[in-house]
Amino acid sequence: MSYSKILYHIVFRTKRSLPAICEEHEKALYSYIWGFLKNRSCFLYRIGGTPDHIRILVQVPVTEYMPDLIRDMKTAAHRFVADNHSKFPLFDGWGKSYCALSVSYGDRTRIINYIKGQKEHHRKASLADELKNTFKEHDVEYDTRYLFTD
């Protein structure tokens with residue numbers, strides 16, 4: 001028996017950062033993603049975002065390989081949005097990249113509140129600036145030439 005509690009703060013955006021996630025229909029998309037994660041034995045703490053990106057705080061079992069989980073989640077969410085194209089008319093896919101950072105269980109409340117406040121936060125800061133600050137905070141090296149290339 002293994003004992004673990006691994007939390008990830010995941011961020012992925014729409015292709016070309018188009019504002020394609022309509023606020024009036026975002027809850028349906030978020031519910032779909034929640035169901036996907038639940039079927040993969042993940043525990044969702046919070047999901048939210050803005051019209052151009054989604055943030056997730058999730059506990060992931062050790063049996064999951066993060067790149068596969070995110071690839072499969074983005075593929076499933078893409079199918080959901082494509083099946084509901086009239087509700088997401090600007091959606092043209094997800095960006096190729098994503099951000100997945102491990103976080104301390106003790107920080108979960110702060111991150112949950114951060115995700116809850118995304119719409120307000122992004123009235124003051126762009127996703128690019130926010131990610132650059134997040135990368136700096138977590139000591140993640142990045143190249144701005146490739147940050148939003150798709």
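A. Examining the overall build of the chain more closely. Looking only at helices and strands, the chain has 6 helices and 4 strands in total. Along the chain, from the amino end to the carboxyl end, the secondary structure elements read β-α-β-β-α-β-α-α-α-α. The globule rule puts the C-alpha radius of gyration for 150 residues at 15 Å, and the 15 Å found for the chain is close to it. For the chain, the C-alpha atoms occupy an extent of roughly 45 × 35 × 25 Å along the three principal directions. Per-residue burial for the chain yields a buried fraction of 41% across its 150 residues. Contacts spanning at least 24 positions in sequence make up 72% of the contacts within the chain whose residues lie at least 6 apart. Carbon and sulfur atoms provide 50% of the accessible area of the chain, an area that totals close to 8,800 Å². Between the mean site of the 23 positive side-chain charges and the mean site of the 18 negative ones, the chain shows a separation of 3 Å.

B. Broad picture of the nonpolar core. The biggest cluster of nonpolar side chains holds 27 residues, and the ones touching the most others in it are L29, I33, L37, I54, I56 and M73. Those elements that provide at least two residues to this core are β1 (6–13), α1 (26–39), β2 (43–50), β3 (53–60) and α2 (66–83). For this core, the element with the most residues is α2, which contributes 8 residues.

C. Geometry of the pattern of salt bridges. A full pass over the atoms with the stated rule returns 10 salt bridges. Across the salt bridge formed by D68 and R71, the nearest N and O atoms sit 3.1 Å from each other. One end of the pair, D68, and the other, R71, are both in helix α2, 3 residues apart, so they sit about a helical turn from each other. The class for R71 is partly exposed, based on a relative accessible area of 46%. A salt bridge links D72 to R71; its shortest N-O distance comes to 3.0 Å. One connected set of salt bridges, linked through shared partners, spans R40, E64, D68, R71 and D72.

Calculation criteria
Residues numbered from 1 in each chain as written. Predicted model: local features only at pLDDT ≥ 70, side-chain atom pairs only at ≥ 80, totals over all residues. Heavy atoms only, no water. Helix = DSSP H or I, 4+ residues; strand = E, 2+ residues; numbered from the N terminus. Rg over C-alpha atoms; globule rule 2.2 N^0.38 Å. Buried < 20%, exposed > 50% of the residue type's maximum accessible area, 1.4 Å probe, protein only. Contact = heavy atoms within 4.5 Å. Areas by Shrake-Rupley, 256 points an atom, 1.4 Å probe, with all protein chains shown as cover. Lys, Arg positive; Asp, Glu negative; His and termini not counted. Charge placed at Lys NZ, Arg CZ, Asp CG, Glu CD. Core = buried A, V, L, I, M, F, W, Y, C linked by side-chain atoms within 4.5 Å. Salt bridge = Lys/Arg side-chain N within 4 Å of Asp/Glu carboxyl O.

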